[in-house]
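Each chain, letter by letter, is given below.
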Amino acid sequence: MKTMMQRFNRKMITRIVVSALAASAGSSYASTIDVATGNSTAGPQGSAANYKSVVEAAVATATAGYGHASPSVFDHVSNHGLFAGGSSTDIAFDFTVSFGVTAGQAGTWEFRAGTDFGNGGAVFLDGVALGFKSNDMWWAGSYSDPSQYFDYTANLAAGNHVLQIYGLEHCCDGDQQAQFRAPHAAGFTTFSASDGLATTVPEPASYALFGISLFAFGVARKRQP
């Protein structure tokens, strides 16, 4: 009876350890890019918070010619390019980029986004506004004119981060791009599913679960005859 119980315990502990490892591995990812668009005739806004509010309200309503997508690369992105029959006018853009930073990558990061936001837009990092612009922004594939694109720096600690870009476009839905420059990097890298940020950044809960599992495994081993 005792031997059967020990086998049962070992099986249960093995399952816990495997679950902990899976939870930890599940935190390993490259950058993910999500795009939500909606119809909006709103004009230039007076704050980053206003851009966020207007855009989120627009994309929350399903409308023909707009939608949700997850492109693998944040380059040459447009509403009409993402969605069949997509509109080229009166567009609210909500870009969300999720990425991980390891301890070795912590430090000062630079982000830039070339956009086509005829009525301006705003940039947020981890829920905090980095800034906004209310002028007609059209980078046209060039980062030569600072008024036509976003460019911000931020000090990032190790962990998971979210970059959000909100914008309003009246006409005519040109290609858009977002890039980053990590500490000590020579140049910018476009956000993508293969941008070099595919590093394991487990959440604290994963570490705790894994530690508990190993402890339980050790206790069970000591109890074996």
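Look a little higher up for the structure.
Residues numbered from 1 in each chain as written. Predicted model: local features only at pLDDT ≥ 70, side-chain atom pairs only at ≥ 80, totals over all residues. Heavy atoms only, no water.

Draft legend 1. Quick look at the side chain of N119. Here N119 shows up in the loop between β6 (116–117) and β7 (121–125). Judged by relative accessible area, which is 17%, N119 ranks as buried. Within the local environment of N119, its side chain forms a polar contact with the backbone oxygen of A42, the two atoms lying 3.4 Å apart. Sequence-distant contacts of N119, defined by excluding residues within four places in its chain, comprise A42, G43, P44, Q45, Y51, S134, N135, L168 and H170. (Helix = DSSP H or I, 4+ residues; strand = E, 2+ residues; numbered from the N terminus. Buried < 20%, exposed > 50% of the residue type's maximum accessible area, 1.4 Å probe, protein only. Polar contact = N/O pair within 3.5 Å; in protein donor to acceptor, adjacent residues only side chain to side chain. Contact = heavy atoms within 4.5 Å.)

Draft legend 2. Broad picture of the side chain of S78. Topologically, S78 is positioned in the loop between β3 (68–69) and α3 (79–82). Within the structure, S78 has its side chain in polar contact with the backbone nitrogen of G81 (distance 3.0 Å). Apart from the residues lying within four places of it in its own chain, the contact partners of S78 are D173, G174 and D175.

Draft legend 3. Examining the pairing of strand β8 (residues 128–133) more closely. Note that β7 and β8 share five bridges and pair antiparallel. When the sheet's bridge partners are listed, L125 is paired in β8 with V128. (Pairing = 2+ DSSP bridges.)

Draft legend 4. Layout of the sheet that holds strand β5 (residues 107–114). An order of β10-β5-β12-β13 is seen for the four strands of this open sheet, with the pairing classed as antiparallel. Edge positions in the sheet fall to β10 (149–156) and β13 (189–190), since each of these pairs with one other strand and no more. Where β5 meets strand β12 (residues 177–181), five bridges bridge the pair, whose relative direction is antiparallel. Across the sheet, the residue bridging to G114 is Q177, located in β12.

Scope: geometric values only; no functional claims are made or implied.
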